[in-house]
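# Understanding the architecture of this molecule
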Amino acid sequence: MSEMLSARKSSSLAGTLRVPGDKSISHRALMLGALATGVTHITGLLEADDVLATGRALAAMGAAVKCRDGVWSVHGRGVGGLAKPDTELDFGNSGTGARLMMGIVSGHPFTAGFTGDASLRSRPMGRVLTPLRQMGLNIQEDRETLPLTLEGTSNLIPIEYELPVPSAQVKSAILFAGLHAPGKTTVVERQATRDHTERMLRHFGAEITIEEEGGRRSIAVAGDAELSGRDIAVPGDPSSAAFVIAAALIVPGSHVTLRDILVNPTRTGFFKTLEEMGAGIRYDNERQESGEAVADISITAGELSGVSVPAARAPSMIDEYPVLAVVAAFAKGETRMEGLGELRVKESDRLATTAAGLAACGVDHRIEGDTLIVNGAATVPGGATVSTHLDHRIAMAFLVMGLGSDAPVTIDDASIIATSFTGFGDLMVGLGADIGAAEETRA
Ligand code: S3P
């Protein structure tokens, strides 16, 4: 059920908190747990709709996925050992769940139906289906959007595939399929994308080789793999932390500390950009956990200046542009965000939905090709209702905008936030943010 929520100008935010577990790592932990032999224990799993849909899909294919006292366990079936599901697999809003699972189903000799919500049904699947077809996947329908019926095989062919778009989802789907093929399956990327799949495959005992030359990364996985169940501690999601950090930066006098945040360099482009804008960000207690870099992050509000964000940085902050655009609205001068073409195929057309939200809130901005330019100002009018278009990040970004704008900002559907950030509203209220049901906010 959709639910309207409003955010209004708040006095300083303060506190120390954790944000829910990383979404990318959570999906992968469940999936590789299901492909391993033995039991995988996962702490800190993101218990949000997207990841729970992945858990249900794996359970429908015979993996026992359970939670007890906050610890999730997956009893794996071994590579190639999943069973034909009796029901259609419904991935809800999750592109990651659907696309990565297509790689896994490719290596199994059965047919499975894939579907999702209206947002997911409108997203391009061809980018994953093209390489998987080369490996032997059969698609019953003559289209490249969900719902689709996929027919896997136990005779997959290993391929070498250069990604036409920088996408960790496509890379991961191919590598997951490659686990089931004989010989080596290689993915070449011209721009590095998040590398959780490579790290986690290694953690589970797969043979992975990575070669880097002149900016190109070549990632090969050895097929007919045997994975063993492992323990995984999922760190806090930097893409969720981004909303809290942005709020703490734009609400004057704020000071917030976030514990146990993933700081893998393939995910920290947003933090780097904020530092260039003059943000006060401190990293403490940097450490490695389950093969990933983790740190505590402290943020202090302060004056920010516009910057130019190069296209090459986009893969390391691809999910953070809506909230960066919000921060840029409060910064001094112009912020240029280049190379945003991929935003058009996210949960919504994020270039369009971000721009529409900025326009509704009275922020000076323009789009030139794949570049978004925001002109910051000392004050942001706000006073608008923003359409979220089934996009959790648009919903959270514009609530953050309302915390600093002159008049409240309302979003038309807060229920979509539960796909990635359970408890977002309560957590923000706990820090001192004035967020509440639309009719309850003071006029
Ligand atoms: C993800 C990769 C990114 C990102 C998504 C999660 C992943 O998508 O936007 O939220 O977990 O691999 P693309 O690979 O399509 O860029």
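Computed from a prediction, not measured in an experiment: that's the story for all the values here. (Residues numbered from 1 in each chain as written. Predicted model: local features only at pLDDT ≥ 70, side-chain atom pairs only at ≥ 80, totals over all residues. Heavy atoms only, no water.)

## Concerning the packing of aromatic side chains
Each aromatic ring pair is summarised here by two numbers: the centre-to-centre distance and the angle between the ring planes. Under the defined criterion, the tally for this structure stands at five aromatic pairs. Both rings, one in Phe-91 and one in Phe-114, keep their centres 5.3 Å apart while their planes meet at 25°; by these two values the pair is stacked. Taken as a pair, Phe-91 in the loop between strand E6 (89-90) and helix H3 (95-106) and Phe-114 in strand E7 (residues 111-115) lie far apart in primary sequence, 23 residues in all. Phe-114 sits in the buried class, given a relative accessible area of 0%. Following the ring pairs from residue to residue traces out a cluster consisting of Phe-243, Phe-421 and Phe-424. (Phe/Tyr/Trp six-rings, centres within 6.5 Å; stacked < 30°, edge-to-face > 60°. Helix = DSSP H or I, 4+ residues; strand = E, 2+ residues; numbered from the N terminus. Buried < 20%, exposed > 50% of the residue type's maximum accessible area, 1.4 Å probe, protein only.)

## Focus: the nonpolar core
Core analysis: the largest hydrophobic core is formed by 79 residues, its most contacted members being Phe-398, Met-401 and Met-428. For this core, the element with the highest residue contribution is helix H8 (residues 238-250), accounting for ten residues. Apart from residues no more than four positions distant in its own chain, Met-401 is found in contact with Val-326, Ala-329, Phe-330, Leu-358, Cys-361, Val-363, Val-380 and Val-409. Counting residues in hydrophobic clusters, the runner-up holds 68 residues, among them Leu-45, Tyr-161, Ile-208 and Ile-219. (Core = buried A, V, L, I, M, F, W, Y, C linked by side-chain atoms within 4.5 Å. Contact = heavy atoms within 4.5 Å.)

## So, the sheet that holds strand E14 (residues 231-233)
Read from one edge of the open sheet, four strands run E4-E5-E3-E14, paired in mixed fashion. Strands with a single pairing partner mark the edges of an open sheet, and in this sheet they are strand E4 (64-68) and E14. In this sheet, adjacent strand axes meet at a mean angle of 20° when their direction is disregarded. Sheet topology places strand E3 (residues 39-43) next to strand E5 (residues 71-75); five bridges connect them, and they run antiparallel. Bridging from a neighbouring strand, Val-39 pairs with His-75 of E5. Seen against the sheet, helix H1 (residues 23-35) touches E3, E4, E5 and E14 and runs at an angle of roughly 165° to E3. (Pairing = 2+ DSSP bridges. Axes fitted to C-alpha atoms, helices over the stretch in contact; angles between N-to-C directions.)

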